[in-house]
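In case you want the letters, here they are:
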Amino acid sequence: ARTLARGGLYTSRLPKSAQAKLFYPRDFGPGELSYIAAGKTLGVHQGYKCSRREPWYLVPTVDTPDVIISVFGEKPTLLINDTKLTASNSHLCGYLQGGVTAPKLAAAWYTTLTLLEAELQIHALGGGVMVFVPQEAGRLLIPNPAVVPTAHLKNIETALRSSSPENAFACGNQPILMDT
């Protein structure tokens, strides 16, 4: 969660150290074919997961989420996925429907109401660390993203980039919880 927050509100601002590459070729030039051959030479294709998929080197169902949410942490950090990253199972992927946009969801997300809901709905490991699982995260009540203003997103971004998630969640209190 701290690594996500250091990037601010947008995946485009994540440090390169927080990103890894997934081999998912769209075309097969000499480099891709060489990489696949090297994996086969090393026996990667005989590993448990690789041996059960066809072709062995492609991860199935790679969808691009609209938002990415931390799974472990003290605060449920939400990022707008503006660079179309995919995420591992150490993050929740959010796919938006019904005309809701990622900026609107982020504006609605960053209020102290979300923190209260997280305390009520999400189970903790101890020491204040929460574990967000899809079923529990889906029960969080937040303000309706369709009607919230987004002018305070810059303040959320600033707070997250300065490693102050508490302040990021407070940014929405006035414009969302009091004025809307």
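Basis of the calculations
- Residues numbered from 1 in each chain as written.
- Predicted model: local features only at pLDDT ≥ 70, side-chain atom pairs only at ≥ 80, totals over all residues.
- Heavy atoms only, no water.
- Helix = DSSP H or I, 4+ residues; strand = E, 2+ residues; numbered from the N terminus.
- Buried < 20%, exposed > 50% of the residue type's maximum accessible area, 1.4 Å probe, protein only.
- Polar contact = N/O pair within 3.5 Å; in protein donor to acceptor, adjacent residues only side chain to side chain.
- Contact = heavy atoms within 4.5 Å.
- Pairing = 2+ DSSP bridges.

Engineer: For this particular structure, what's the right way to read the side chain of threonine 11?
Structural biologist: In this fold, threonine 11 is placed in the loop between α1 (2-6) and α2 (30-41). By relative accessible area, threonine 11 is classed as buried at 1%. One polar contact links threonine 11 to asparagine 81, side chain to side chain, over a distance of 3.1 Å. A polar atom in the side chain of threonine 11 sits 3.0 Å from the side chain of aspartate 82. Ignoring anything within four residues of it in the chain, the contact list for threonine 11 reads Gln19, Ile68, Leu79, Ile80, Asn81, Asp82, Thr83 and Leu85.

Engineer: I tried to follow the pairing of strand β1 (residues 67-70) on my own but got confused; where do I start?
Structural biologist: Burial along β1 is two-sided: Val67 and Ile69 and Ile68 and Ser70, pointing in opposite directions, are all buried. Of the pairings in the sheet, the one linking β1 to strand β3 (residues 78-80) comprises three bridges and is antiparallel in character. By the bridge assignment, isoleucine 68 is partnered in β3 with leucine 79. One ladder, built from four bridges, connects β1 with strand β4 (residues 91-94); its direction is antiparallel. Residue pairing for β4: isoleucine 68 is matched across the bridge by cysteine 93.

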